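Here is how the chains run, residue by residue.
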Amino acid sequence: MSILEIKDLRAGIAGREILRGVNLTIAPGEVHAIMGPNGSGKSTLAQVLAGRDTYTVTGGTVRLNGRDLLDLSPEERACEGLFLAFQYPVEIPGVSTSYFLKAALNAVRKYHGEPELDAMDFLKLMKQKMKLLDMDAGFLSRAVNEGFSGGEKKRNEILQMAVLDPKLAVLDETDSGLDIDALRIVAGGVNSLRGADRGILVVTHYQRLLNYIVPDYVHVLRDGQIIKSGDKNLALELEARGYGWLEEPAGVH
Amino acid sequence: MTQLMSNTSYLQNLLATGPNSSTPGPDWLQVRREEARQQWLRAGLPAITDEQWRFTDLSLLAETSFSTRHCAAARAAEGRAAGLDGAELVLMNGKFNAQTSRLPPAPVRVTFLAQASGAELATFEKLLGAQARPAHHGLIALNSANFSDVVLVEVPGGVAVERPLNLIVHSVGTEPFATYPRILLKVGDNSSVTVVINFTGPNNLTYLTNSVLESYVGTGSRVELVKIQREGTAAIHIGSDYAHLDKDVRFQSLSLNQGGLLVRNNVTVTLAGPGSEATLNGLSMTAGRQHVDNHTMLDHARDHCESHELYKSLLAGRSSGTFTGKILVRPGSQKTDAKQTSKAVLLSSQACMNSQPQLEIYADDVKCTHGSTNGPLDEEQLFYLRARGLAYNQARAMLTVAFAGDVLARVWQPALRQTLEDMVVTELHRLEREEF
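Read on for an overview of the structure.

Comments concerning the sheet that holds strand S3 (residues 31-35) of chain A
Residues and elements named next belong to chain A.
Part 1 of the argument: The 6 strands are arranged S6-S9-S10-S3-S11-S12 in an open sheet whose pairing can be described as mixed. Taken across any chain shown, the strands that pair with only one partner, and hence form the sheet edges, are strand S6 (82-85) and strand S12 (225-230). Averaged over all neighbouring strand pairs, the angle between strand axes comes to 20°, with direction disregarded.
Part 2 of the argument: Here S6 runs beside strand S9 (residues 168-172); their pairing, made up of 4 bridges, is parallel. Among the inter-strand pairings, phenylalanine 83 is bridged to a residue of S9, identified as alanine 169.
Part 3 of the argument: Here helix H1 (residues 42-50) sits on the sheet and contacts S3, S6, S9, strand S10 (199-204) and strand S11 (217-222); the angle it forms with S6, its principal contact strand, is near 140°.
Part 4 of the argument: The strands touched by helix H6 (residues 150-164) are S6, S9 and S10; relative to S6, the strand with the most contacts, the crossing angle is about 170°.

Describing the pairing of S12 of chain A
Residue and element names in this part refer to chain A.
Part 1 of the argument: Bridge analysis of S11 against S12 gives 5 bridges, and the strand direction is antiparallel. Bridged to arginine 222 within S12 is glutamine 225.
Part 2 of the argument: Remark: 2 residues form the turn of the hairpin made by S11 and S12, two consecutive strands paired antiparallel; aspartate 223 in that turn has positive phi of roughly 50°.

Structural notes on the interface of chain A and chain B
Part 1 of the argument: With 31 residues of chain A at the contact, the number on the chain B side is 17 residues.
Part 2 of the argument: Here chain A packs against chain B, burying approximately 1900 Å² in sum over the two surfaces, 67% of which is carbon and sulfur.
Part 3 of the argument: For the chain A face of the interface with chain B, the top three residues by lost area are Arg52, Glu75 and Val90 of chain A, together amounting to 29%.
Part 4 of the argument: At the surface where chain A touches chain B, the tally comes to 9 residue pairs in polar contact (both at pLDDT 80 or more).
Part 5 of the argument: Secondary-structure elements contributing two or more residues to the side of chain A that touches chain B are H1, helix H2 (74-79), S6, strand S7 (92-96), helix H3 (97-111) and H6 of chain A.
Part 6 of the argument: Counting residues per element, the side of chain A that touches chain B draws most heavily on H3 of chain A, at 6 residues.

Side note on the environment of leucine 193 of chain A
Residues and elements named next belong to chain A.
Part 1 of the argument: Along the chain, leucine 193 falls in the loop between helix H7 (180-192) and S10.
Part 2 of the argument: Along the chain, leucine 193 and histidine 205 lie 12 residues apart, while their C-alpha atoms are 22 Å from each other.
Part 3 of the argument: Once residues within four sequence positions are removed from consideration, leucine 193 is found in contact with Ile158, Met161, Ala162, Arg198 and Ile200.

Reading the values: the criteria
- Residues numbered from 1 in each chain as written.
- Chains lettered and ligands numbered in written order.
- Predicted model: local features only at pLDDT ≥ 70, side-chain atom pairs only at ≥ 80, totals over all residues.
- Heavy atoms only, no water.
- Pairing = 2+ DSSP bridges.
- Helix = DSSP H or I, 4+ residues; strand = E, 2+ residues; numbered from the N terminus.
- Axes fitted to C-alpha atoms, helices over the stretch in contact; angles between N-to-C directions.
- Contact = heavy atoms within 4.5 Å.
- Buried area = accessible area lost by both parts, 1.4 Å probe.
- Polar contact = N/O pair within 3.5 Å; in protein donor to acceptor, adjacent residues only side chain to side chain.

What follows is the structure, given as structure tokens:
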């Protein structure tokens, strides 16, 4: 069974359709990349998958491990194993990173009928995961994303992904705002989370990230539809030639 | 409203809720009381046409017929408020209740006007009403005419009082009644103290607590004043707190509001010596039809003083709030640094908040900033938390506690801070149970 199955997904905002029939299937262990020019609907797709209610789904289905995703609240989706690494991680003053992550992890555990982690076990887990992303312990006591640099915010996203251990991770423009060193660390973190049971969907404007997180499949999204799919070489071709050479799909416009 | 203001029978009625003439006191007191009576009869209640009261309608007060019989005995146990340790001084309907009080140890001194004589009496004569003048507004006049006793808490110079001094101002009654607590705090030079004042009273009964506190802080002292307003659900609470700061004083106040139906907190601080710093914090958590009005006045009377204000409100149900921050920088008060922030989170679409800064600056080398933000909980933050698996209500609770957090983080005493945090978390659960 596939981890993610999107069929003819249509969604928009304020009566304007942005996703106009997206089809995509991700099998366990696969890494897919969605590329596309600005305004093609990449981030909308990521947000709609996570359950952002500013977008209205007008058609199609999305299944996560066979379960209808569109019926679920954002928190249920997260508990079912969907993780969105935000393009713009939100600052939450007054809530420490460790308090937040412990609450999140225990919410997911509770959902699956597992006992909550106590402070000691949680700290042990955090130390192990933070090593992966080259983060020091001081990070935990800081308020969530508050005053973080761009690189720290993105590392925090991948740390959360590592702790929450999702079935499907959607990375929305995770490379934006990162210098090359931060990019390496973040990509290293993501790569360590690749596994036979997990699917990863990388949403990116540039090919650069895909040098570090090498995808199995690359799709081009344009005007709310996937107009071309291929392997990692498609990303290289896009990098060399831009998006202009791709024909618009017949029957649209 | 105008008609109510001119209705002398309710003015007389409220005057009659005060002491009877069998407790005359010294001559100067009788003269002042009479002046206050006259002032009250002239001024009456502030009306919403008064710029300083435009968001707080006191009609409820004017429409209530308060009992003129005085509640004699109150159950002793009612004077205790849970969760606060240290010395306790219990005022029951404005009068010292020895039975339930544990007076603070020396060198802190507690004296009462009704028993004062000699030098003590002279201190009362000097301090009482030196800041809280009947002419300020009708409710000061009413309190000055009607208080049944005055408590003076004195911390001599050069003393660091380790544990917070707790005052419990408790109202007791079974029919609508009015009380007039009157408190003086005098801190000598180079001392430090934290004073916690708890206001409590019965639920589901209209009563008035019209309280006046005057603090006098000597040079180089550190004073923290925490007011916990937990009046009954139908109470009208008018608190007027004044502080007069000498040189190089560090003064901080926290106004924590969760009780009462109609609440007005007047905080007036005079920076009377150079190099002093006043920090005024507030946190209001309201629901139902509660109204809390925080009205602050920082009088920068001298140079090189700083003031910081952070007032936060969490409003659920149909509750409403007001913050007015007046900053007066007098001529010659150079190098003044005044910062004022007011933030409100509206937990329901029917809650509302008004914020208004009032800056009057008569010096040219000063820094004054103010900012205010009112709105619902941040949707982006809520979604972020939910996208990590936190249920909607859990995410909301996390954000409301976080919102309140930085006000409480400023409290100096760690144990007190913890007590207040626990109190606030409990209170926020009450708000979460309200309809949004």
